[in-house]
Amino acid sequence: MRPAYQSFTTTGELLDHLQALAVRTVVVDVEPLIAFWDTDDRTLAQGVARFLAELGSRPGRLQVIVFATNSARDRPVPTRAGAFEVRYLAHAGKPLRTSPYRRLPLPGAVVGDQIATDGILARRLRYAFLHYTHRPPRTPLGPRMMQALGRPFSRFLFSRDIQRPRRITPGR
């Protein structure tokens, strides 16, 4: 069975959909949703706090939130935020390592910008994949290449293909 897929360009849309899914676990990729690449620890801490506040202001069934990054970017986070448990996983090894997520409450969702890492992790865990497609202007080359690598596999990985914006041609 292929997991559900939905793409988002704003945090508000993403949080609305998480609330509608009534997930108990959400795994959130750190870059770029929480903090952009190569930002300092203070920016990361502010991003985590902002996301937790926005998520906590919405009623739902959420029990566990895991901030996960494949980078060495380690940041202590609170172990609780409101009604849910908070974890932070650096050197996550997405999508290969799944053991840190195996005993988390179901249903779950993975939020991330890369199909080749976050999307495949969602599929392996049988979680929904919420694809954050906002591209900041200073996206490093590596993430841009990973985006191009993952796009062709989306139709095989998910029950819903990527929705690309339609190009409007004048005069048609």
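Residues numbered from 1 in each chain as written. Predicted model: local features only at pLDDT ≥ 70, side-chain atom pairs only at ≥ 80, totals over all residues. Heavy atoms only, no water.

**Comments concerning the packing of aromatic side chains**
Two numbers describe a pair of aromatic rings. These are the distance of the centres and the angle of the planes. Put simply, the test is: Pairing of aromatic rings covers Phe, Tyr and Trp, the last counted by its six-membered ring, and requires centre-to-centre distances within 6.5 Å; plane angles under 30 degrees mean stacked, over 60 mean edge-to-face, and any other angle means tilted. Secondary structure follows DSSP: runs of H or I at least 4 residues long count as helices, runs of E at least 2 residues long count as strands, and numbering of each begins at the N terminus. Categorising residues by exposure relies on relative accessible area from a 1.4 Å probe, with only protein chains included: less than 20% of the type maximum marks a residue as buried, more than 50% marks it as exposed, and the intermediate range marks it as partly exposed.
Going through the model one piece at a time under the given rule, you end up with 2 aromatic pairs. Arranged with centres 5.8 Å apart and planes meeting at 50°, the rings of Tyr 5 and Phe 129 form a pair that is tilted. You can see Tyr 5 sitting in strand E1 (residues 5-8) and its partner Phe 129 sitting in strand E7 (residues 128-132), a full 124 residues away along the chain. When sorted by exposure, Tyr 5 lands in the same class as Phe 129, which is buried. With 6.1 Å between their ring centres and 75° between their planes, Phe 51 and Phe 67 make a pair best called edge-to-face.

**Points about the pairing of strand E6 (residues 108-112)**
Consecutive side chains of a regular strand alternate in pointing toward one face of the sheet and then the other. Inclusion rule: What makes two strands pair is DSSP finding at least two bridges between them.
Summarising burial for E6: 5 of the 5 residues are buried, a large majority. Taking every second residue as pointing to the same face, both faces of E6 are buried, with Gly 108, Val 110 and Gly 112 on one and Ala 109 and Val 111 on the other. Summarising the sheet, strand E2 (residues 25-29) and E6 pair through 4 bridges and their orientation is parallel. By the bridge assignment, Val 28 is partnered in E6 with Val 111. Two elements, E6 and E7, share 4 bridges in a ladder whose sense is parallel.

**Things to note about the side chain of Asp 118**
To keep things clear, this is the line we draw: Contacts were defined at the residue level, with two residues in contact if any of their heavy atoms lie within 4.5 Å.
Its location among the elements puts Asp 118 in helix H3 (residues 115-125). Discounting residues that sit within four places of it in the chain, Asp 118 has contacts with Asp 29, Lys 94, Val 110, Gly 112, Asp 113 and Phe 129.

**Notes on a positive patch on the surface**
Threshold: Patch construction takes residues with relative accessible area above 30% that form no salt bridge. Like charges are linked within 9 Å, and nonpolar side chains (Val, Leu, Ile, Met, Phe, Trp, Tyr) are linked within 5 Å. Here the Shrake-Rupley method, with its probe set to 1.4 Å, supplies the accessible areas, and only the displayed protein chains count as covering residues. Any Lys or Arg side-chain nitrogen located within 4 Å of an Asp or Glu carboxyl oxygen qualifies as a salt bridge. Note that His is not counted, nor are the chain ends; the positive residues are Lys and Arg, and the negative ones are Asp and Glu. To locate a charge, take NZ of a lysine, CZ of an arginine, CG of an aspartate or CD of a glutamate.
Taken together, the side chains of Arg 102, Arg 123, Arg 124 and Arg 126 present a region of like positive charge at the surface. Residue placement: Arg 124 occurs in helix H3.

**As for the pairing of E7**
Rule in force here: Clockwise travel from the first strand over the helix to the second, with the strands pointing away from the viewer, marks a crossover as right-handed.
With respect to burial, E7 is a largely interior element, 5 of its 5 residues being buried. Here E7 shows a buried face lined by Ala 128, Leu 130 and Tyr 132 and a second buried face lined by Phe 129 and His 131. Alignment of E1 against E7, held across 4 bridges, turns out to be parallel. Across the sheet, Gln 6 pairs through a bridge with Leu 130, a residue of E7. At this point the chain moves from E6, through H3, to the parallel E7, and the crossover so formed is right-handed.

**Description of helix H2 (residues 41-56)**
What counts here: To estimate the expected span of a helix, count its residues, drop one, and scale the result by 1.5 Å. Note: the arc covers the axis-to-C-beta directions of the helix.
Between the first and last C-alpha of H2 there are 22 Å, a value that for 16 residues agrees with the 22 Å anticipated at 1.5 Å per step. Among all positions in H2, only Leu 44, Gly 47, Val 48, Phe 51, Leu 52 and Leu 55 are buried. Buried residues along H2 cover an arc of 125° about the axis, so they all sit on one side. The outward face of H2, more than 90 degrees from its buried face, is lined by the exposed residues Arg 42 and Ala 53.

**Quick word on helix H1 (residues 11-21)**
The complete set of buried residues in H1 reads Leu 14, Leu 15 and Leu 18. Down the axis of H1, the buried set is contained in an arc of 95°. They therefore lie on one face. Looking at the buried residues of H1, the elements they touch are E1, E2, H2, E6 and E7. Ala 22 lies just past H1 and shows a positive phi near 55°.

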